[in-house]
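Report on the structure
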Amino acid sequence: MFILELTYTAPVTAVDEQLAAHVAWLDEQYEAGVFIASGRKNPRDGGVIIAVAEDRARIEEITAADPFVVAGVCAYRVTEFYATKTAPALASYREQLPA
C-alpha cells in the first residue's frame with residue numbers, strides 16, 4: 001500500500017486551473033481500484049492519497065500522469081508500507097509482511 005503526499009509547487013490559483021483535470025484523473029484511478037481515499041491537506045498546500053498497486057514503479061507511473069504533475073504545479077512524495085492491520089471495512093486490503 002502507498003501513501004502519496006502531494007505538495008503544491010505553484011500558487012493555488014495555478015493549481016485551481018488544473019483542478020477539473022486532476023479530479024477526472026482521480027476518478028479514473030478510483031474506477032481502476034488503485035485509489036482508496038484522497039483529499040486536501042489543511043492548510044491547503046497539497047493533498048494525500050491512499051493507494052494500492054502491484055509495485056512502486058506502477059505508482060510512479062500513475063502519479064507522473066496526474067495533470068497537476070504534467071502542469072508542474074505539484075510534487076509527490078511516495079511512501080510504501082505494509083497494511084498489516086485495518087479497520088474491518090478495509091480487511092480486503094490487509095497485507096502480510098514479506099518473508
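1. Comments concerning the pattern of salt bridges
As enumerated under the stated definition, the model contains six salt bridges in all. For Arg-56, the salt bridge goes to Glu-60, with nearest N and O atoms at 2.9 Å. On the criterion of helical spacing, the pair formed by Arg-56 and Glu-60 is a turn pair, its members being four residues apart in helix 3 (residues 56-64). One salt bridge in this structure joins Arg-58 and Glu-61, with 2.4 Å as the shortest N-O distance. Pair noted here: Arg-58 and Glu-61 are both in helix 3, with a separation of three residues, about one helical turn. Residue Arg-58 is classed as partly exposed on the basis of its relative accessible area of 29%. A network of salt bridges, in which partner residues are shared, links Glu-5, Lys-41, Asp-45 and Arg-77.

2. Brief notes about the nonpolar core
Leu-4, Phe-35 and Ile-49 are the most contacted members of the largest nonpolar core, which totals 18 residues. Per-element tally for this core: the top contributor is strand 1 (residues 2-8), with four residues.

3. A word on the side chain of His-22
You can see His-22 is positioned in helix 2 (residues 19-31). The exposure class of His-22 is buried, given its relative accessible area of 7%. Sequence-distant contacts of His-22, defined by excluding residues within four places in its chain, comprise Leu-6, Asp-66, Pro-67, Phe-68 and Tyr-76.

4. Section: the pairing of strand 2 (residues 35-40)
Of the strand pairs in this sheet, strand 2 and strand 3 (residues 46-51) are connected by five bridges, and their pairing is antiparallel. Within the sheet, the bridge partner assigned to Phe-35 lies in strand 3 and is Ala-51. What sits between the antiparallel neighbours strand 2 and strand 3 is a turn of five residues.

Rules used in this analysis
- Residues numbered from 1 in each chain as written.
- Predicted model: local features only at pLDDT ≥ 70, side-chain atom pairs only at ≥ 80, totals over all residues.
- Heavy atoms only, no water.
- Salt bridge = Lys/Arg side-chain N within 4 Å of Asp/Glu carboxyl O.
- Helix = DSSP H or I, 4+ residues; strand = E, 2+ residues; numbered from the N terminus.
- Buried < 20%, exposed > 50% of the residue type's maximum accessible area, 1.4 Å probe, protein only.
- Core = buried A, V, L, I, M, F, W, Y, C linked by side-chain atoms within 4.5 Å.
- Contact = heavy atoms within 4.5 Å.
- Pairing = 2+ DSSP bridges.

Function cannot be inferred from these measures alone, as they are strictly geometric.
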